Protein chains: 6
Amino acid sequence: MTALFRPGQRAPDALRDVRITRGYTLYAEGSVLIEFGQTKVLCNASVEEKVPPHKRGSGEGWVTAEYGMLPRATHTRSDREAARGKQSGRTQEIQRLIGRSLRAVFDLKALGERTISLDCDVIQADGGTRTASITGAFVAAHDAVSKLLKEGKIAASPIKDHVAAISVGLLQGESLLDLEYVEDSACDTDMNVVMTGAGHFVEVQGTAEGAAFTRREMDTLLVLAEKGIGELVSLQRRALGLS
Amino acid sequence: MTALFRPGQRAPDALRDVRITRGYTLYAEGSVLIEFGQTKVLCNASVEEKVPPHKRGSGEGWVTAEYGMLPRATHTRSDREAARGKQSGRTQEIQRLIGRSLRAVFDLKALGERTISLDCDVIQADGGTRTASITGAFVAAHDAVSKLLKEGKIAASPIKDHVAAISVGLLQGESLLDLEYVEDSACDTDMNVVMTGAGHFVEVQGTAEGAAFTRREMDTLLVLAEKGIGELVSLQRRALGLS
Amino acid sequence: MTALFRPGQRAPDALRDVRITRGYTLYAEGSVLIEFGQTKVLCNASVEEKVPPHKRGSGEGWVTAEYGMLPRATHTRSDREAARGKQSGRTQEIQRLIGRSLRAVFDLKALGERTISLDCDVIQADGGTRTASITGAFVAAHDAVSKLLKEGKIAASPIKDHVAAISVGLLQGESLLDLEYVEDSACDTDMNVVMTGAGHFVEVQGTAEGAAFTRREMDTLLVLAEKGIGELVSLQRRALGLS
Amino acid sequence: MTALFRPGQRAPDALRDVRITRGYTLYAEGSVLIEFGQTKVLCNASVEEKVPPHKRGSGEGWVTAEYGMLPRATHTRSDREAARGKQSGRTQEIQRLIGRSLRAVFDLKALGERTISLDCDVIQADGGTRTASITGAFVAAHDAVSKLLKEGKIAASPIKDHVAAISVGLLQGESLLDLEYVEDSACDTDMNVVMTGAGHFVEVQGTAEGAAFTRREMDTLLVLAEKGIGELVSLQRRALGLS
Amino acid sequence: MTALFRPGQRAPDALRDVRITRGYTLYAEGSVLIEFGQTKVLCNASVEEKVPPHKRGSGEGWVTAEYGMLPRATHTRSDREAARGKQSGRTQEIQRLIGRSLRAVFDLKALGERTISLDCDVIQADGGTRTASITGAFVAAHDAVSKLLKEGKIAASPIKDHVAAISVGLLQGESLLDLEYVEDSACDTDMNVVMTGAGHFVEVQGTAEGAAFTRREMDTLLVLAEKGIGELVSLQRRALGLS
Amino acid sequence: MTALFRPGQRAPDALRDVRITRGYTLYAEGSVLIEFGQTKVLCNASVEEKVPPHKRGSGEGWVTAEYGMLPRATHTRSDREAARGKQSGRTQEIQRLIGRSLRAVFDLKALGERTISLDCDVIQADGGTRTASITGAFVAAHDAVSKLLKEGKIAASPIKDHVAAISVGLLQGESLLDLEYVEDSACDTDMNVVMTGAGHFVEVQGTAEGAAFTRREMDTLLVLAEKGIGELVSLQRRALGLS
């Protein structure tokens, strides 16, 4: 395929159609289905009144994440990690990234000694599941925090800023925003960028799948990512009724 | 609570509102979201052109199932089995039951040397997830078989009859059909029944949670289950456009 | 084989020769070797002065079971579960069944905050190991309770009734009691029934291995099971010197 | 306790009462219950017509062993290794010792490309389970070999000599043969010795539990072990009807 | 601490003293001890004449890596991963990064159907173990390739370019090259950069540990990393006798 | 090979060149690289102010060991135990032996409620890694104890005597001291001996790999081991500056 013909005639700098559905399930303190085109991730935020050992007695809370993919979220069925008895390196890498990204915008002191766990489960995967997870998990975490505020368990929100993420990539010399699966597979370089609402970087993970990339290419990709994340933050705000 | 006041004023012999949505995800050969009230299970059927070792060279196929529950499908978050590194005894028991139930209506010879894997993942749990899984998995398997027929991979359907399942229980002496979570917790006896479209039994699993139950009580429960499964088979037929 | 010619000319409604040997090993608080023909299971009851987390501080005790099969209990050697590093789904299913069955006749409040663990280890397997385990475990648990009473640790027995179990099955249209291995393999339907001394049901688990079974067939099987369990309860009473 | 008063007034150089019961279970090619006083180990020999990877195509067979202890073989219940999900270091050490000891008297070439697996399961433990396992496993392996000979699968026995094992120890300066549990716990030095029928050493494993031992003490222990093993070999011969 | 006073008065843009020792152990096809100040990593390259399943029959080889840290490589002892029974998420993340980085400069076709495994074991850890691993593993892989060339197993080197890696970070607004442990812990932003000898990027992984970082800060860090990697490539060349 | 021509013309009763390097790494309380010819083991002693459960509240400390081998310590690469998810039986056997050997010369009361963990990691393996581990671990433990004394955490040394270990073996009828890998593989009998500085035995583990060995052969081997251990104790003393 050539970048000139992205699926659905999408422009190189255009996001896929992004939908954020709050209250997707009943029981979680925050429950968000986020869709980037055909990619669908359910992000549930759970509040537990306890913290992991390294935070006990610190007066600080914790924000953590787990990630999973349903066996048939993809074109061919993959093994169920629970049945295999361990999470893959890829899964662990992604859930560590989600956790770090969310903690970047949390004031753990203001959260108090409680944990917000973000479960990001991929229902359908068409590229960009980790960036969708971060973007959706923020909204779920926000809802969980609103519930804590409403219940009077915390006095002020521990959320300092928005956080959202997007993938960018180089395909045949062209920079593309928000890669879907066929693009991701064909790309020379794939970069995941996590930024705050203020436009600062939380994580940048660029990988040359084929040829190594130049500094100039990297710059182009970062500009594209900034644009996309700006749009995602607006979508988060709209979904949360903040704008 | 008393049985006279089932949530939503449901009659003792009434099913919850059951919805069967086919084509819920894109990639699986059969993909069904089944809902029994607030219980929601995604049943994906995957066809793989290989069989497990005990069937190799036999000319016969295999039908199997795996079951999982998203960590926050329930009121309080439960551990992710993939992270804990093993499936619970309950999970294994349920996925073995789903597999046996589906195989009961399959002619494995007619399926040919291929496997249909049924992944039943609980998105939201309000009681009856194993019976919803069986009922939904049948529809997903049916869609996967239709695809095999359409592609000319098999000449005739290996499906011999419908299979569906329901729970029944005794609460304060009253027999109830299709228990939701609060009822299940309060029940003295809980019975899961799996039957074919022809009205024969595939599995009967009755457990006295409180007082042991009498033969007469068992008879009442079986009658109730027969009624419910008859309705479920009709719903399956309607969802599949067979009636 | 035909049901008319059961091994050893056994009548369709006859139990195999059942032997219950108390005090089989020295150290356990209750130690019973139970034999159903060639099936031999060692049931050891251990009393521990602690309870699992979900019972701590409740004033109630716990009764639980573990099940295992020696690698060469069967015709061909099977893998040792300890060496494979996990218990099979079948093993977990069985040990959960044994635990539930025993708890059905125990007043956990009267037991006090202690645990009775029932280890059922199959020395030789010729069908019916789970039902033999339940029937033998009851006798071992009874001995353990007698020891607690004798030592003055509890004032009254927490055992409310007997519990015993048997398998029944349909082979070529005939109902058979207490299936041995060759019968079990050939059966269309296999049912395990657990009942109290009062003749009430604790568990009914019927599975159609071949053709699904009718309500009428189920009724016949239940009657046969009731007969067998009545005899087993008498044997338990005799072994315990209660009659 | 003092060595002068061994339990049952046993002489320092006397074995416990040793009983070897062949044909203890039905299905194994060799099945032996061996008892050293209260220690009871079931040794089953299984013949399988395959070899592990490192012997494939070599024309040689393999002899291996697995060891287990029933959870309530001991005074207090120990965890079931299958439930814990791994074998302890002690278990692995013992099963490796049993395997090496048996291989020492086997001509693997003469066995042909097949495996004899020895399952040694401790029913009751009162010290000396590993030495009882080796001594009993030899008899079980001998029976399995006799079966192979009778069936014409091998032309000549691959067994070159007897092998048997015993423990010896130092307690308050006195050398004791065949330690039972209370003696083993109190001993300063504990030594397990494995020898052939010809009186040669296969394994010597001496451990100072308390004070380190002298060369002279070691010599005394070895003499005692030679005596005991001589008696065990006679008992093996008698059990096998060879003398 | 302030960046103005780096340990040992190191300049902000200076590498620690880097030492590359080839032939550190005897048996590996390539064996390199790489030291960045007090950080010491042993990088062993092993050639195996087989490939993982996804490359079988492809005519292509594979390059992979495993990473480990000795329990007392750090200030306080950490658990041994082999004893815990699994590798941490961090370990898996690092070994995946090392593998990808090396593959970026390998022509897998030219390698032929064989695998080069890079074992990077940290003897002593003072920050930068993953970047030292990549830089050292390249030299070890180069030695392994030279051996293959010398033995005539391959006609031309599959190595297309150098690859090396360094960490950079922001501490109190100042950009620092090659962070040691105390700096790494105090940093707001930590970035690991992997580049080729041609000066192109293979991986960029930047993480805001404290405050999110700006685009301008990122640019400064990338410039610093380019400088450091240029020096590392020179050191690799000198160690390999290529310049 | 024949024993007359040991590699490097070594005399049958000669140790390989033994080097003991203290302070090999920076952070451990004791850190020793011990080399027996080409065998190189890093022995790190860590002091932790806690004890395992069975010693809590006893007023006694604990000494324990873990053993590992780098994947390419040997001629061909072996699997990484952390990646396989479990330690082999051999590894567990060795680390249990090291722990017992060290505890034999420790007064656990005098150590106080703290643990000394000895991590023995094999960098290069050419036979005798377990005996080198014990010999080196003693020196590392001694350094850790000296640090505790210097810091005033204990008043008197809990070390009662030296402990060292060596292998001996029979090759073609000749007794050899300190087997290297090619000798070990060819030997009929292999014996590992652990002794105190006073010349008493802590462990004797002799195994007939080929023909069983006689009492006379055993005596010869023990004399040889005594000689070797005497020399090792002198080397330990010299390394520690005690003589």
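Residues numbered from 1 in each chain as written. Chains lettered and ligands numbered in written order. Predicted model: local features only at pLDDT ≥ 70, side-chain atom pairs only at ≥ 80, totals over all residues. Heavy atoms only, no water.

As annotated in an unreviewed UniProt entry, chain A is Ribonuclease PH from Hydrogenophaga palleronii. What the UniProt record of chain A gives under Sequence similarities (unreviewed entry) is the line "Belongs to the RNase PH family." Reading the Catalytic activity (unreviewed entry) entry of the UniProt record for chain A gives the comment "tRNA(n+1) + phosphate = tRNA(n) + a ribonucleoside 5'-diphosphate". (UniProt positions renumbered as here; feature names shortened; annotations may be inferred.)

Peer 1: I'd like a description of the overall build of chain A, backed by residues and values.
Peer 2: On a plain count of helices and strands, chain A comes out with six helices and nine strands. Whereas a compact globule of 243 residues would reach a radius of gyration of roughly 18 Å, chain A reaches 18 Å, a difference of no more than 12%. Its C-alpha atoms give chain A principal-axis dimensions of roughly 55 × 40 × 30 Å. Here the analysis covers contacts within chain A between residues at least 6 apart in sequence; of these, 68% occur between residues at least 24 apart. Distance between charge centroids for chain A: 5 Å, based on 30 positive and 32 negative side chains. (Helix = DSSP H or I, 4+ residues; strand = E, 2+ residues; numbered from the N terminus. Rg over C-alpha atoms; globule rule 2.2 N^0.38 Å. Contact = heavy atoms within 4.5 Å. Lys, Arg positive; Asp, Glu negative; His and termini not counted. Charge placed at Lys NZ, Arg CZ, Asp CG, Glu CD.)

Peer 1: So what's going on with the nonpolar core? Which residues, and what values?
Peer 2: Judged by nonpolar contacts, the single largest core of 140 residues is most densely connected at Leu102, Phe106 and Leu118 of chain A together with Leu102, Phe106 and Leu118 of chain E. Here Leu102 of chain A is in contact with Val63, Leu118, Ile134, Ala137, Phe138, Ala141 and Val163 of chain A, once residues within four sequence places are set aside. (Core = buried A, V, L, I, M, F, W, Y, C linked by side-chain atoms within 4.5 Å. Buried < 20%, exposed > 50% of the residue type's maximum accessible area, 1.4 Å probe, protein only.)

Peer 1: I'd like a rundown of the UniProt feature "binding site: phosphate" (unreviewed entry) in chain A, residues and numbers included.
Peer 2: Residue and element names in this part refer to chain A. Residues annotated by UniProt as "binding site: phosphate" (unreviewed entry) correspond here to Arg90, Gly128, Thr129 and Arg130. Separation in sequence by 41 residues is not matched in space for these annotated residues, since their most distant C-alpha atoms are only 13.4 Å apart. Position of Gly128 among the secondary structure elements: in the loop between β5 (115-124) and α4 (129-150). Discounting chain neighbours no more than four positions away, the residues touching Gly128 are Arg16, Thr39 and Leu179. Within the secondary structure layout, Arg130 lies in helix α4. The exposure class of Arg130 is buried, given its relative accessible area of 19%. If we skip the residues at most four places from it in the chain, Arg130 touches Arg90, Ile94, Leu97, Asn192 and Gln205.

Peer 1: Let's hear about the state of the cysteines: which residues, and what values?
Peer 2: Enumeration over the complete set of coordinates arrives at zero disulfides over all chains. For Cys43 of chain D, which is in no disulfide, the shortest distance to another cysteine sulfur is to Cys120 of chain D and amounts to 4.1 Å. (Disulfide = S-S within 2.5 Å.)

Peer 1: Tell me about the interface of chain C and chain D, residues and numbers included.
Peer 2: Contact residues are listed per partner, giving 38 residues for chain C and 38 residues for chain D. Counting each side, the surface lost to burial between chain C and chain D is near 3,000 Å², with a carbon and sulfur contribution of 50%. On inspection of chain C and its partner chain D, the count reaches twelve salt bridges. Where Arg77 of chain C meets Glu66 of chain D, a salt bridge forms, and the shortest distance between an N and an O atom there is 3.0 Å. Inspection of the chain C/chain D interface yields 19 residue pairs in polar contact (both at pLDDT 80 or more). (Buried area = accessible area lost by both parts, 1.4 Å probe. Salt bridge = Lys/Arg side-chain N within 4 Å of Asp/Glu carboxyl O. Polar contact = N/O pair within 3.5 Å; in protein donor to acceptor, adjacent residues only side chain to side chain.)

Peer 1: Tell me about the relation of the copies chain C and chain D, and name the residues and values.
Peer 2: The two copies are related by a screw operation: chain C maps onto chain D through 180° of rotation and 0.0 Å of translation along the axis, at an RMSD of 0.0 Å. The transformation just described matches what one would write down for a two-fold rotation axis. When the interface residues of chain C are mapped onto chain D, 100% of them are again interface residues, pointing to one common binding face. (Least-squares fit on C-alpha atoms with pLDDT ≥ 70 in both.)

Peer 1: Account for the pattern of salt bridges, naming residues and giving values.
Peer 2: Taken as a whole, this structure holds 162 salt bridges over all chains when the rule is applied. In this structure, the salt-bridge partner of Lys55 of chain C is Glu60 of chain C, at a minimum N-O distance of 2.7 Å. Lys55 of chain C gets classed as buried once you look at its relative accessible area, which sits at 13%. Glu231 of chain F is paired through a salt bridge with Lys227 of chain F; the nearest N and O atoms lie 2.5 Å apart. With Glu231 of chain F and Lys227 of chain F both in helix α6 (residues 215-239) and four residues apart, the pair spans about one turn of that helix. Owing to a relative accessible area of 31%, Glu231 of chain F belongs among the partly exposed residues under this scheme. The exposure class assigned to Lys227 of chain F is partly exposed, which follows from its relative accessible area of 36%.

Peer 1: Can you lay out the UniProt feature "domain: Exoribonuclease phosphorolytic" (unreviewed entry) in chain A for me, pointing to particular residues and giving the numbers?
Peer 2: Residue and element names in this part refer to chain A. Here the UniProt-annotated "domain: Exoribonuclease phosphorolytic" (unreviewed entry) positions come out as residues 15-144 and 163-227. End C-alpha to end C-alpha, residues 15-144 measures 27 Å, and it is 30% helix and 31% strand. The span residues 163-227 carries 29% helix and 45% strand; its end-to-end C-alpha distance comes to 14 Å.

Peer 1: Go over the packing of aromatic side chains with me, naming the residues and quoting the values.
Peer 2: In total, this model carries six aromatic pairs over all chains according to the counting rule given. Where Phe201 of chain B meets Phe213 of chain C, the ring centres are 5.6 Å apart and the plane angle is 25°; that geometry is what we call stacked. Taken together, the positions of Phe201 of chain B in strand β9 (residues 201-208) and Phe213 of chain C in the loop between β9 (201-208) and α6 (215-239) put the pair across two chains. Side by side, Phe201 of chain B and Phe213 of chain C carry an identical accessibility label, which is buried. (Phe/Tyr/Trp six-rings, centres within 6.5 Å; stacked < 30°, edge-to-face > 60°.)

Peer 1: Quick one: what's the story with the confidence of the model for chain A, residue by residue and with numbers?
Peer 2: Residues of chain A with pLDDT of at least 70 account for 98%, and the chain-wide mean is 95. Per the prediction output, this complex has pTM 0.93; the corresponding ipTM is 0.94. (pLDDT = per-residue confidence, 0-100.)

Peer 1: Kindly report on the sheet that holds strand β7 (residues 174-177) of chain D, identifying the contributing residues and their values.
Peer 2: Across the sheet, which stays open at both edges, the eight strands sit in the order β7(D)-β6(D)-β8(D)-β9(D)-β9(F)-β8(F)-β6(F)-β7(F) with antiparallel pairing between neighbours. A single partner strand is all that each edge strand has here, and the edge strands are β7 of chain D together with β7 (174-177) of chain F. Averaged over all pairs of adjacent strands, the angle between their axes in this sheet comes to 15°, without regard to strand direction. Pairing between strand β6 (residues 163-171) of chain F and strand β8 (residues 189-196) of chain F: eight bridges, direction antiparallel. Bridge pairing links Leu170 of chain F to Thr189 of chain F in β8 of chain F. Relative to the sheet, α6 of chain F contacts β9 (201-208) of chain D together with β6, β7, β8 and β9 (201-208) of chain F, its axis offset from that of β6 of chain F by approximately 145°. (Pairing = 2+ DSSP bridges. Axes fitted to C-alpha atoms, helices over the stretch in contact; angles between N-to-C directions.)

Peer 1: Just give me the short version of helix α2 (residues 89-103) of chain D, but keep the residues and values in it.
Peer 2: All names here are of chain D. Taking 1.5 Å of rise per residue, the 15 residues of α2 would be expected to cover 21 Å, and the 21 Å separating its terminal C-alpha atoms lies within 8% of that figure. The buried count for α2 comes to twelve of 15 residues, which makes it a mostly enclosed element. Looking only at α2, the buried set comprises Gly89, Thr91, Gln92, Glu93, Ile94, Gln95, Leu97, Ile98, Gly99, Arg100, Ser101 and Leu102. (Expected span 1.5 Å × (residues − 1).)

Peer 1: So, the environment of Gly37 of chain E: which residues are in play, and what are the values?
Peer 2: Residues and elements named next belong to chain E. For Gly37, the position within the fold is in the loop between β2 (30-36) and β3 (39-48). Along the backbone, Gly37 and Asp178 are 141 residues apart, and their C-alpha atoms lie at a distance of 10.0 Å. Leaving out residues up to four positions away in the same chain, Gly37 has contacts with Arg16, Asp17 and Arg19.

Peer 1: Can you break down the pairing of strand β8 (residues 189-196) of chain E residue by residue, with the values?
Peer 2: Residue and element names in this part refer to chain E. Burial analysis of β8 places eight of its eight residues in the buried class, which makes it a mostly covered element. Burial along β8 is two-sided: the residues Thr189, Met191, Val193 and Met195 and Asp190, Asn192, Val194 and Thr196 are all buried. Here β8 pairs with strand β9 (residues 201-208) via seven bridges, running antiparallel. Its bridge partner being in β9, Met191 is matched across the sheet by Gly206. Here β8 folds back onto β9, and the loop between the two strands holds four residues, one of which, Gly199, carries a positive phi near 85°.

Peer 1: Before we move on, could you go through the environment of Leu224 of chain B and cite the residues and values that matter?
Peer 2: All names here are of chain B. By the element assignment, Leu224 lies in helix α6 (residues 215-239). For Leu224, a relative accessible area of 12% corresponds to the buried category. Sequence separation between Leu224 and Ile166 is 58 residues; the distance between their C-alpha atoms is 9.5 Å. When sequence neighbours within four positions are dropped, the list of residues in contact with Leu224 reads Pro12, Asp13, Val168, Ser175, Leu176 and Leu177.

Peer 1: Kindly report on the sheet that holds strand β4 (residues 62-69) of chain F, identifying the contributing residues and their values.
Peer 2: Residues and elements named next belong to chain F. Spatial ordering of the open sheet is given by β1-β2-β3-β5-β4, a layout of five strands whose pairing is mixed. The sheet terminates laterally at β1 (18-22) and β4, the two strands that pair on one side only. Taken over all neighbouring pairs, the strand axes of this sheet differ in orientation by 15° on average, direction set aside. In the sheet, β4 pairs with strand β5 (residues 115-124) via eight bridges, with the strands oriented parallel. Opposite Thr64, over in β5, you have Ser117 as the bridge partner. Running over the sheet, helix α4 (residues 129-150) touches β1, β2 (30-36), β3 (39-48), β4 and β5 and is turned about 35° from β3. Strands in contact with α6 are β1 and β2; relative to β1, the strand with the most contacts, it is inclined by about 30°.

Peer 1: Could you give an account of the environment of Lys227 of chain F, with specific residues and numbers?
Peer 2: The sequence separation of Lys227 of chain F and Ile166 of chain F amounts to 61 residues, and the corresponding C-alpha distance is 9.8 Å. There is a polar contact of 2.5 Å between the side chain of Lys227 of chain F and the side chain of Glu231 of chain F.

Peer 1: Describe the packing of helix α2 (residues 89-103) of chain A against helix α2 (residues 89-103) of chain E, and please don't skip the residues or the numbers.
Peer 2: Viewed as axis vectors pointing N to C, α2 of chain A and α2 of chain E meet at an angle of 110°, and their least axial separation amounts to 9 Å. In terms of orientation, α2 of chain A lies roughly perpendicular with respect to α2 of chain E. As α2 of chain A runs across α2 of chain E, the sense of the crossing is left-handed. Touching Gly89, Arg90, Gln92, Glu93, Arg96 and Arg100 of chain A of α2 of chain A are Gly89, Arg90, Gln92, Glu93, Arg96 and Arg100 of chain E, all from α2 of chain E. In terms of residue class, the contact of α2 of chain A with α2 of chain E is made up of no nonpolar, four polar and eight charged. (Parallel < 35°, antiparallel > 145°, perpendicular 65-115°, else oblique. Left-handed = near helix turned anticlockwise from the far one by under 90°. Nonpolar A, V, L, I, M, F, W, Y, C, P; charged D, E, K, R; others polar.)

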